[in-house]
Amino acid sequence: MAFSLPALPDWFSKKATSVLGVDIGTSSIKVVQLRREHGRVVLETYGAIALGPYAGQEIGRATALPAEKIAEALKDVLREANVTTTDAAVAIPYSSSLVSVIKLPAGIEKNLATVVPIEARKYIPVPINEVLLDWFMISDPKHPSPDGKIEVLLVAIHNDTIAKFRSIMTESQLLPSFFEIEVFSATRAALDHGLAPVAVVDMGAATTKFYVVERGIIRESHIINQGAQNLTLAASRALGISVAQAEERKRKWGLNDPPPTPGAAPGPSLKQSLELTLSPLVAEVARTALGWEQRANQALSTVVLVGGGATLKGLQDFLRGKIQNEVRLGDPFGKTQAPAFLESILKEAGPEFSVAVGLALRRLQELG
Ligand SMILES: Nc1ncnc2c1ncn2[C@@H]1O[C@H](COP(=O)(O)OP(=O)(O)OP(=O)(O)O)[C@@H](O)[C@H]1O
Ligand SMILES: [Mg+2]
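This structure is a prediction, so every number in the text was calculated from the model and none was measured.

1. Things to note about the overall build of the chain
Broken down by element type, the chain carries ten helices and 14 strands. Here the C-alpha atoms of the chain give a radius of gyration of 21 Å, agreeing with the 21 Å that 2.2 N^0.38 yields for 368 residues. By principal-axis analysis of the C-alpha atoms, the chain measures approximately 75 × 55 × 40 Å. Taking all 368 residues of the chain together, 39% fall into the buried category. Taking contacts inside the chain between residues at least 6 apart in sequence as the whole, the part at least 24 apart equals 68%.

2. Some details on the nonpolar core
One finds Val22, Val31, Ala199, Val200 and Ala360 to be the most contacted residues of the largest nonpolar core, which totals 90 residues. It is helix 10 (residues 354-367) that contributes the most residues to this core, seven residues altogether. Apart from residues lying up to four places away in sequence, Val200 is in contact with Ala186, Thr187, Ala190, Tyr211, Val213, Val304 and Val306.

3. What to know about the pairing of strand 12 (residues 217-224)
Where strand 11 (residues 208-214) and strand 12 come together, seven bridges link them in antiparallel fashion. Bridged to Thr208 within strand 12 is Ile224.

4. Overview of the pairing of strand 13 (residues 302-306)
Most of strand 13 sits out of view: four of its five residues are buried. Taken together, the five bridges between strand 10 (residues 198-203) and strand 13 define a ladder with parallel strand orientation. Directly across from Val201, in strand 13, lies its bridge partner Leu305. Looking at chain direction, strand 13 and strand 14 (residues 326-329) are connected through four bridges and run parallel.

The rules behind each value
- Residues numbered from 1 in each chain as written.
- Chains lettered and ligands numbered in written order.
- Predicted model: local features only at pLDDT ≥ 70, side-chain atom pairs only at ≥ 80, totals over all residues.
- Helix = DSSP H or I, 4+ residues; strand = E, 2+ residues; numbered from the N terminus.
- Rg over C-alpha atoms; globule rule 2.2 N^0.38 Å.
- Buried ≥ 20, exposed ≤ 12 C-beta atoms within 10 Å, placed from the backbone.
- Contact = placed C-beta atoms within 7 Å.
- Core = buried A, V, L, I, M, F, W, Y, C linked by C-beta atoms within 7 Å.
- Pairing = 2+ DSSP bridges.

As structure tokens, then:
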């Protein structure tokens, strides 16, 4: 899938730099090109390409491809989407990183550079010199928690992962401005400026990621080992159709009932099969949300759904009553300007592009 917006006259902003967000997911690569114009963020182009076919698998399947194959797919989507910039911000998968909140005694704020790497050894299963380590203060140092501890968000990425992503960028002739773990990109794109804690749930192909964000700070993150491809695989088995057909029907009908096929053998409907597979995943999301609320003794104001899995038709209705919180779909393109005729398409496709939009937004902020 690719779409390129018609070139608009550009008399006033000759120097504006276009930037690209690159999200290399397990099932597909997503790219979004943005530019700042008169203080507004303009969507220039976006595109996605399924990785399945590069791995000899179906569209929508999670893959584990070597750098060269990923670069091949990335070059294809850059061409199909008419991407014109090389200034790229790149996501690192949550699964290739470690994101953890650690508690430290209050009063050591000034010594974090020494203390955190030592403390990190308890959390990181590989030698510290093999990872890129970063951290952010979560607690307000003036108000330590009642147990006298401060909370620090610890972030680690293995050097090999960075090297792999660098080589993909070089091979694709893109210049990476930064690498960011996708949790930060997804939440930047999904949230407004509210203060209340919000859960962002990224429904990917093989897994679903669950983040809690409060005042723009990540409080917690989890991975749930069920994703949107499970729906396709189960529907293929239940309906006796190929995986490719199941994926196509899932995207076309979602949880709406397709018209009956004359002469079809009796058996479960697509809708029944999808709901059956979705139920344990939704229950796990609801449990994770409730667990956080009980531990933090605070309600989550909203659950924002992002990722390709969140674009399943009828999902929001299905969730009503199953998740106690208000549920809404991420609308990252809502933070950009685009021609009005694209509005509904962008709203529908939006959740899938959250990470890519979040990356490009940060890059634009950096350029000022
Ligand atoms: N219109 C649609 N309706 C239902 N499901 C869809 C639709 N479009 C995409 N999906 C599903 O979304 C999944 C891919 O989502 P996404 O692109 O967010 O995953 P990813 O980023 O590649 O995976 P991950 O983040 O886990 O690495 C696929 O399993 C696909 O079947
Ligand atoms: Mg993803």
